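# Structural characterization, general
Next come the chains, spelled out residue by residue.
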Amino acid sequence: MGTNGNNALERRRSDALVKHRESAETIVSPVGDIYETSDAFVVKLDMPGATKDSISLKVEPGYISVRASVGLYHAEQANILVNEIVRKSYFREFNLGQGINHNDVQASFEDGVLTINLPKTEGSKAKEIQIKS
Amino acid sequence: MAIVRWNPARELERWPSDFFGIQREINRLFDDFFHGGTQADGDFGVSYWTPAVDIAEHNDEYLVKVELPGVEKEDVRITLESNILTIRGEKKKETEEKGKSFHRTERSYGSFQRSFALPTTVKSDEIDALYKDGVLTIHLPKAEEAKPKQIEVKVK
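## Section: the overall build of chain B
Secondary structure summary: chain B contains 2 helices and 10 strands in total. Listing each helix as α and each strand as β along chain B from the N terminus yields α-α-β-β-β-β-β-β-β-β-β-β. Out of the 156 residues in chain B, the part that is buried amounts to 20%. A separation of at least 24 residues holds for 47% of the contacts in chain B among residues at least 6 apart in sequence.

## A short note on the sheet that holds strand β7 (residues 88-95) of chain A
Residues and elements named next belong to chain A. Across the sheet, which stays open at both edges, the 4 strands sit in the order β1-β7-β5-β4 with mixed pairing between neighbours. Two strands in the sheet have a free side with no partner beyond their single neighbour: β1 (26-28) and β4 (55-60). Here the average twist between neighbouring strands, direction ignored, is 20 degrees.

## Concerning the sheet that holds strand β3 (residues 53-57) of chain B
Spatial strand order, β6(A)-β3(B)-β4(B)-β10(B)-β9(B): 5 strands in an open sheet with antiparallel pairing. Both outer strands of the open sheet, β6 (79-83) of chain A together with β9 (128-132) of chain B, are each paired with one neighbouring strand and no more. Within this sheet the neighbouring strands show an average axis-to-axis angle of 15 degrees, counted without direction. Relative to strand β4 (residues 61-67) of chain B, β3 of chain B runs antiparallel, the two sharing 5 bridges. Within β4 of chain B, the position partnered with Asp54 of chain B by the bridge is Lys65 of chain B.

## Some details on the interface of chain B and chain A
Contacts between the two partners involve 29 residues from chain B and, on the opposite side, 28 residues from chain A. When contributions to the side of chain B that touches chain A are tallied by element, the ones reaching two or more residues are β3, β4 and β7 (101-105) of chain B. The residue makeup of the side of chain B that touches chain A, split by class, is 11 nonpolar, 8 polar and 10 charged. With 4 bridges joining them, strand β2 (residues 32-36) of chain A and β7 of chain B adopt antiparallel strand pairing. Within the sheet, the bridge partner assigned to Glu36 of chain A lies in β7 of chain B and is Ser101 of chain B.

## Quick look at the pairing of strand β9 (residues 113-119) of chain A
Residues and elements named next belong to chain A. Taking burial as the measure, the 7 residues of β9 include 5 buried ones, the bulk of the element. Sheet topology places strand β3 (residues 40-46) next to β9; 7 bridges connect them, and they run antiparallel. Counterpart to Lys44 in the pairing with β9 is Thr115. Two strands pair when backbone bridges link them, and strand β8 (residues 106-110) and β9 are joined in this way by 5 bridges, in the antiparallel orientation. Paired with Phe109 across the two strands is Leu114, which belongs to β9. Connecting the antiparallel pair β8 and β9 is a turn made up of 2 residues, with Asp111 showing a positive phi of about 50 degrees.

## Topic: the confidence of the model for chain B
All names here are of chain B. Mean pLDDT over chain B: 80, with 69% of residues reaching 70 or higher. By mean pLDDT, strand β1 (residues 38-41) is the weakest element of chain B at 45, and strand β10 (residues 135-141) is the strongest at 96. Between residues 35-44, whose pLDDT stays under 50, and residues either more than four places distant or in other chains, the model counts 17 contacts.

Criteria and cut-off values
- Residues numbered from 1 in each chain as written.
- Chains lettered and ligands numbered in written order.
- Predicted model: local features only at pLDDT ≥ 70, side-chain atom pairs only at ≥ 80, totals over all residues.
- Helix = DSSP H or I, 4+ residues; strand = E, 2+ residues; numbered from the N terminus.
- Buried ≥ 20, exposed ≤ 12 C-beta atoms within 10 Å, placed from the backbone.
- Contact = placed C-beta atoms within 7 Å.
- Pairing = 2+ DSSP bridges.
- Axes fitted to C-alpha atoms, helices over the stretch in contact; angles between N-to-C directions.
- Nonpolar A, V, L, I, M, F, W, Y, C, P; charged D, E, K, R; others polar.
- pLDDT = per-residue confidence, 0-100.

Below, the structure written as structure tokens:
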């Protein structure tokens with residue numbers, strides 16, 4: 001692992017692993033859709049069980065990361081008859097291409113879905129060229 | 001007897017007598033194998049997915065949790081029939097697709113259905129369901145006769 005601290009990505013990964021060991025939860029990479037419109041990239045991540053306050057979204061030039069904790073679904077003394085939902089926290093990161101205005105990123109959380117709007121910089125928006133005669 | 005390649009469409013020719021049998025079989029397969037997965041049926045243009053479910057038993061109730069991110073409350077139906085709890089619904093794709101080019105689609109869309117037989121009877125008129133942060137929580141209070149009772153036996 002990046003002991004010299006130069007490799008930022010390695011460092012982030014090892015942070016995540018340490019967190020994993022401490023909490024005995026599974027770190028789940030939330031599934032997502034990514035689409036592009038004329039003026040933004042939009043990322044939608046399914047994160048059921050997270051809450052608006054539990055989500056931390058970090059944006060840096062060229063990089064974005066999402067982390068969220070999920071509360072317990074059951075009291076300790078409950079007798080679990082069916083167990084398909086894993087105890088988890090969420091973590092996912094994306095490398096961003098050029099042409100994203102990372103200072104103006106917006107996010108919302110509704111019905112367990114995190115929507116991140118990454119606006120394009122003016123220079124990277126598609127332009128329609130009118131053909132003259 | 002010759003070995004013939006199985007053709008699911010041929011099974012459908014026996015419709016309607018066999019159709020529901022096949023549907024049951026498909027539901028069973030989905031329940032068994034596709035937990036949290038998705039399966040698109042190209043022939044019929046319908047896609048299914050299987051939301052993950054937890055069921056916990058408490059002294060006085062059953063507590064059901066279903067992960068349904070992105071599903072609207074109005075699109076979920078919960079029914080209880082002869083002690084079988086069924087949760088069904090649909091996760092709709094966003095209708096506005098114009099001007100969007102998708103780079104990645106990992107999320108599941110389409111219809112879902114899960115059914116569970118409850119071990120004891122519940123008070124069907126006191127079932128309570130809440131949908132919050134993509135998780136559906138259903139409280140099913142046990143019927144009085146199903147609750148555990150502590151009986152003191154006097155030793156003479």
